[in-house]
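Below, each chain spelled out in residue letters.
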Amino acid sequence: MIGDLARRTGTKINTIRFYEEIALMPRATRTDSGRRTYDEDDVRRLGFIRNGRELGFSTDELRSLISLSEQPERDCGAAAAIARNHLADVDARIARLLRLREELQQVATTCEGGRMADCRVIDGIADGGVS
């Protein structure tokens, strides 16, 4: 049942329904009374989706990876290309975070007291964390 799937994967029921709606998850089979039922493949797939989302993969990237995984004889070059593109995005985010870290370190050590009108914390965040 959907509640069991939600508990086993740590996913909200509404999220599972949403993933079914956007075709990341297949539509659940239903009992005669209309209740959704899931199997171990659904548990694994939802786990893959959740982990992928936590790692920052887009729904389109996940959809592509799922499609590729359903073709076991296919060359994995397409999956590697998705991974390379995602790696480039991760590297760009890391660079932005490092700039933000430097700015926050500087602001945190130089902004002791003073007036809010001169506060670099507000300016640093407003500027995107980069000087």
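Analysis parameters
- Residues numbered from 1 in each chain as written.
- Predicted model: local features only at pLDDT ≥ 70, side-chain atom pairs only at ≥ 80, totals over all residues.
- Heavy atoms only, no water.
- UniProt positions renumbered as here; feature names shortened; annotations may be inferred.
- Helix = DSSP H or I, 4+ residues; strand = E, 2+ residues; numbered from the N terminus.
- Salt bridge = Lys/Arg side-chain N within 4 Å of Asp/Glu carboxyl O.
- Buried < 20%, exposed > 50% of the residue type's maximum accessible area, 1.4 Å probe, protein only.
- Arc of directions from axis to C-beta.
- Contact = heavy atoms within 4.5 Å.
- Axes fitted to C-alpha atoms, helices over the stretch in contact; angles between N-to-C directions.
- Parallel < 35°, antiparallel > 145°, perpendicular 65-115°, else oblique.
- Left-handed = near helix turned anticlockwise from the far one by under 90°.
- Nonpolar A, V, L, I, M, F, W, Y, C, P; charged D, E, K, R; others polar.

Under an unreviewed UniProt entry, the name given to the protein is MerR family transcriptional regulator, and the organism recorded is Croceicoccus pelagius.

Look at the UniProt record and you will see "domain: HTH merR-type" (unreviewed entry) annotated at residues 1-68. For the annotated span residues 1-68, helix accounts for 62% and strand for 6% of the residues, and the straight-line distance between the end C-alpha atoms is 27 Å.

Take the pattern of salt bridges next. Enumeration over the complete set of coordinates arrives at eight salt bridges. Two residues, arginine 50 and glutamate 54, come together in a salt bridge whose shortest N-O distance is 3.3 Å. Of this pair, arginine 50 and glutamate 54 both sit in helix α3 (residues 40-54), four residues apart, which is roughly one turn of that helix.

For the rest of this paragraph, the subject is helix α1 (residues 2-9). All of the buried residues in α1 are Ile2, Gly3, Leu5, Ala6 and Thr9. Projected down its long axis, α1 carries its buried residues within an arc of 160°, all on one side. Turned more than 90 degrees off the buried face of α1, the exposed positions are Arg7 and Arg8. Looking at the packing, one finds that the buried side of α1 touches α2 (13-21), β2 (36-37) and α3. Once α1 finishes, glycine 10 follows within two positions and takes phi at roughly 70°, a positive value.

Quick look at the packing of α1 against α3 now. Packing of α1 against α3 brings their axes to within 10 Å, and their N-to-C directions diverge by 45°. Between α1 and α3, the angle falls in the class oblique. As α1 runs across α3, the sense of the crossing is right-handed. Side by side, α1 and α3 meet where Leu5, Arg8 and Thr9 of the first sit next to Glu40, Asp42, Val43, Leu46 and Arg50 of the second. Classifying every residue of the contact of α1 with α3 by side-chain character gives three nonpolar, one polar and four charged.

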